[in-house]
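Single-letter residue listing:
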Amino acid sequence: MTDNVTIVTVCYNSLGVLPAMLKSVPDGTPVVLVDNASKDTAALQELADDHNATLLLNADNTGFGPACNQGAARAETEFLLFLNPDAELQPGALEGFLKAAREYENASGFNPRILDSSGRQSFRRGSKLRPTERLRGPVPTADAEVSVLAGSAIFCRRALFEKIGGFDPAIFMYHEDDDLSLRLREHGPLMYCHDAKVVHLSGHGSPRLPQVAAFKAYHLARSRVYALGKYGHPRPKLNTLGSAVLRLLGPDMLFSKRRRAKNIGFLKGALSALKDDGRQL
């Protein structure tokens, strides 16, 4: 039954976590790995072959959303699951998604119950793009409608994904899940699927090095400027730049090399977005 779902995963020096993700995928489920110019492509190809996964190798880092689009374009199944490389499906997760898709035929997209390695649940309540729609109250203990989807594991129908144009290619990384969620929900509600469980080691999809942190923060700032502007927020450039300055005044600038690199990267991204509105070219 799970052969009707294609899992799309974007890799960037992700060999430390990718084997566990692939091991969690049920036999017969199509997997497309899109690699954004990692250094370990030979080992990655061997791993993909071992798990009968399709591997697409990009010569350059095209960004998360564009790589997701690239992987989705290779799918032929009714459903797609965009799954981070540092996530692991728990038994019955795909069956839970498929059951929810049958039960909520009008739903446009789904999130699973997302847990960390200690079993603590992570539940996304809202988005910076729609701050007034933040969900209140306890975390749902059953299926429930949500305002936005967490990007670590997004399940949707391939036809609808293609209809809305997939991920916005102008977003390199960050806020692409917010944007996709808001465009999906124009066609039906977004649902939290309690019976589908995924363990997500947040932030471990690529090495936790200062230069990687700076790279991610740079694109976070750029994407924030672009996405806030796209959804009509006032002064996105000024507000993002102000946030960058405040980050530089924090105590972590003194005690953490990785945090320092991250904060400086965010500032550089905010400054670069003054010229091009943060749009990925």
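The rules behind the values
- Residues numbered from 1 in each chain as written.
- Predicted model: local features only at pLDDT ≥ 70, side-chain atom pairs only at ≥ 80, totals over all residues.
- Heavy atoms only, no water.
- Helix = DSSP H or I, 4+ residues; strand = E, 2+ residues; numbered from the N terminus.
- Rg over C-alpha atoms; globule rule 2.2 N^0.38 Å.
- Buried < 20%, exposed > 50% of the residue type's maximum accessible area, 1.4 Å probe, protein only.
- 1 Å grid on protein atoms, 1.4 Å probe; cavity = no way out; pocket = protein on both sides within 12 Å on 5 of 7 lines; lining within 4 Å.
- Points joined across faces, edges and corners; volume = space filled by probe spheres on them.
- Nonpolar A, V, L, I, M, F, W, Y, C, P; charged D, E, K, R; others polar.
- Contact = heavy atoms within 4.5 Å.
- Phe/Tyr/Trp six-rings, centres within 6.5 Å; stacked < 30°, edge-to-face > 60°.
- Lys NZ or Arg CZ within 6 Å of the ring centre and 35° of its normal.
- Pairing = 2+ DSSP bridges.

Give me the overall build of the protein: which residues, what numbers.
Along its length, the protein carries 10 helices and 10 strands. Over its C-alpha trace the protein gives a radius of gyration of 18 Å, about what one expects of a compact globule, namely 19 Å for 281 residues. In terms of overall dimensions, the protein has C-alpha extents of about 50 × 45 × 35 Å along its principal axes. Split into buried and exposed, the 281 residues of the protein put 53% on the buried side.

Summarise empty space enclosed by the protein; cite the residues concerned and give the values.
All chains considered together, the criterion is met by 2 cavities of 30 Å³ or more. Looking at the largest cavity, its volume works out to about 90 Å³. If you trace the largest cavity, you find it lined by N111, P112, R113, I114, Q121, S122, F123, R124, V146, V148, A150 and Y192. Ranked by the residues each element gives to the lining of the largest cavity, the list is headed by strand β6 (residues 109-115), at 4 residues. The class makeup of the residues in the lining of the largest cavity is 7 nonpolar, 3 polar and 2 charged. The calculated volume of the second largest cavity comes to roughly 30 Å³. Together, A170, I171, F172, H219, R222, S223, G278 and Q280 line the second largest cavity.

Provide a residue-level description of the environment of G269, including the pertinent values.
For G269, the location among the structural elements is in helix α10 (residues 257-276). Residues G269 and A170 lie 99 residues apart in sequence; the distance between their C-alpha atoms is 15 Å. Non-local contacts of G269, meaning those with residues more than four positions away in its chain, are made with Y218, A221 and R222.

Which residues make up the layout of surface pockets, and what values go with them?
Gaps between atoms show up when a probe of the same size as a water molecule is rolled over them. If you add up the space inside the second largest pocket, you get close to 160 Å³. Sorting the residues of the lining of the second largest pocket by element identifies α7 (210-230) and α8 (236-248) as the ones contributing at least two each. Residues belonging to the lining of the second largest pocket are distributed by class as follows: 3 nonpolar, 4 polar and 2 charged.

Help me get a handle on the packing of aromatic side chains, residues and values and all.
Within a pair of aromatic rings, the relevant descriptors are the distance that separates the centres and the angle that separates the planes. Applying the stated criterion across every chain yields a total of 10 aromatic pairs. Centre to centre, the rings of F79 and F155 are 5.1 Å apart; their planes meet at 15°, and the pair counts as stacked. With a gap of 76 residues between them, F79 in strand β4 (residues 79-83) and F155 in strand β9 (residues 153-157) connect regions that are remote in the sequence. Here F79 matches F155 in class, with each residue buried. Aromatic ring contacts, followed pair by pair, group F64, F82, F161 and F167 into a single cluster. Seen from the ring of F266, R247 lies directly overhead, with NZ or CZ sitting 3.8 Å from the centre.

Account for the pairing of β6, with residues named and values stated.
Every regular strand shows the same layout, with side chains that alternate between the two sheet faces. Counting buried positions over the 7 residues of β6 gives 7, a clear majority of the element. Of the pairings in the sheet, the one linking β6 to strand β10 (residues 190-200) comprises 7 bridges and is parallel in character. Pairing of F110 across the sheet is with M191, part of β10. As judged from the 2 bridges shared by β6 and strand β7 (residues 121-122), these two strands associate in the antiparallel manner. Directly across from I114, in β7, lies its bridge partner S122. Joining the antiparallel neighbours β6 and β7 is a turn of 5 residues, in which G119 adopts a positive phi near 90°.

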